[in-house]
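Coordinate inspection notes
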Amino acid sequence: PHLPRQKWDQGTQRRAIGGTMAKAGAVYINKGGASGISDLAGHTQQNGELLGGPYFPRIYPNRVKEEEEYRAQNRIVGRSPQKIVNLGVTLASNASKYVSFTKVVGKKD
């Protein structure tokens, strides 16, 4: 484990845990466009589907054995090559929107 380099007084050590939680019934939504950069993992969730599966594992009130096995086998794809290509194509096809935006922002009256 990674230990902090600084000395802590007894009883004052802190640890931070990052992540995102979703309550039961949460659905997957991909906003697309430039925000798609944050969703390049190899999952196959579609808009409107209930979150689930090894990329969105359930941990409470109990874990799902199949989701844990999939993750334990290192089958999670952090960045899907196909999704990266698709995002690049989408951004390139919408490049004119971004160029016109910069023209408006850059104008001085």
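Anything mentioned here points back to the structure above.
First, a word on scope: everything that follows refers to the structure included in this document. (Residues numbered from 1 in each chain as written. Predicted model: local features only at pLDDT ≥ 70, side-chain atom pairs only at ≥ 80, totals over all residues. Heavy atoms only, no water.)

A negative phi angle is the norm for most residues apart from glycine, just as the trans form is the norm for most peptide bonds. With an omega of 5°, the peptide bond running from Tyr60 to Pro61 counts as cis. Mapped onto the elements, Pro61 comes out in the segment before helix H1 (65-72). Phi at Asn74 is positive, roughly 55°, even though this residue is not glycine. (Helix = DSSP H or I, 4+ residues; strand = E, 2+ residues; numbered from the N terminus.)

Bringing the side chain of Gln45 into the picture now. With respect to the element layout, Gln45 can be found in the segment before H1. Under the relative-accessibility criterion, Gln45 is labelled buried at 10%. Side chain to side chain, Gln45 and Glu49 meet in a polar contact 3.1 Å long. Beyond its immediate chain neighbours, meaning those up to four positions away, Gln45 contacts Tyr28, Leu50, Leu51, Gly52 and Phe56. (Buried < 20%, exposed > 50% of the residue type's maximum accessible area, 1.4 Å probe, protein only. Polar contact = N/O pair within 3.5 Å; in protein donor to acceptor, adjacent residues only side chain to side chain. Contact = heavy atoms within 4.5 Å.)

Position of Ala24 among the secondary structure elements: in the segment before H1. Given the relative accessible area of 78%, Ala24 is considered exposed.

According to the stated counting rule, one finds 2 salt bridges in the structure shown. Here Arg63 makes a salt bridge to Glu68, at a shortest N to O gap of 3.3 Å. What makes Glu68 partly exposed here is its relative accessible area of 36%. The residue Glu69 makes a salt bridge to Lys65 at a minimum N-O spacing of 3.9 Å. With Glu69 and Lys65 both in helix H1 and 4 residues apart, this pair spans about one turn of that helix. Note on Glu69: relative accessible area 36%, which makes it partly exposed. (Salt bridge = Lys/Arg side-chain N within 4 Å of Asp/Glu carboxyl O.)

Overall, the coordinates contain 2 aromatic pairs when judged by the stated rule. Ring geometry for Tyr28 and Phe56: centres 6.1 Å apart, planes at 55°, overall tilted. Here Phe56 lies in the segment before H1 and Tyr28 lies in the segment before H1, a separation of 28 residues in the sequence. Given a relative accessible area of 7%, Tyr28 falls into the buried group. The partly exposed category is assigned to Phe56, whose relative accessible area is 26%. (Phe/Tyr/Trp six-rings, centres within 6.5 Å; stacked < 30°, edge-to-face > 60°.)

It is worth spelling out the side chain of Glu67 at this point. By secondary structure assignment, the location of Glu67 is in helix H1. In this structure Glu67 is buried but unpaired, with Arg58 as the nearest side chain of opposite charge at 6.0 Å. There is a polar contact of 3.1 Å between the side chain of Glu67 and the backbone nitrogen of Gly53. Within the structure, Glu67 has its side chain in polar contact with the backbone nitrogen of Arg58 (distance 2.9 Å). In this view, Glu67 contacts Gly52, Gly53, Pro54, Pro57 and Arg58; residues no more than four positions away in its chain are not counted. (Lys, Arg positive; Asp, Glu negative; His and termini not counted.)

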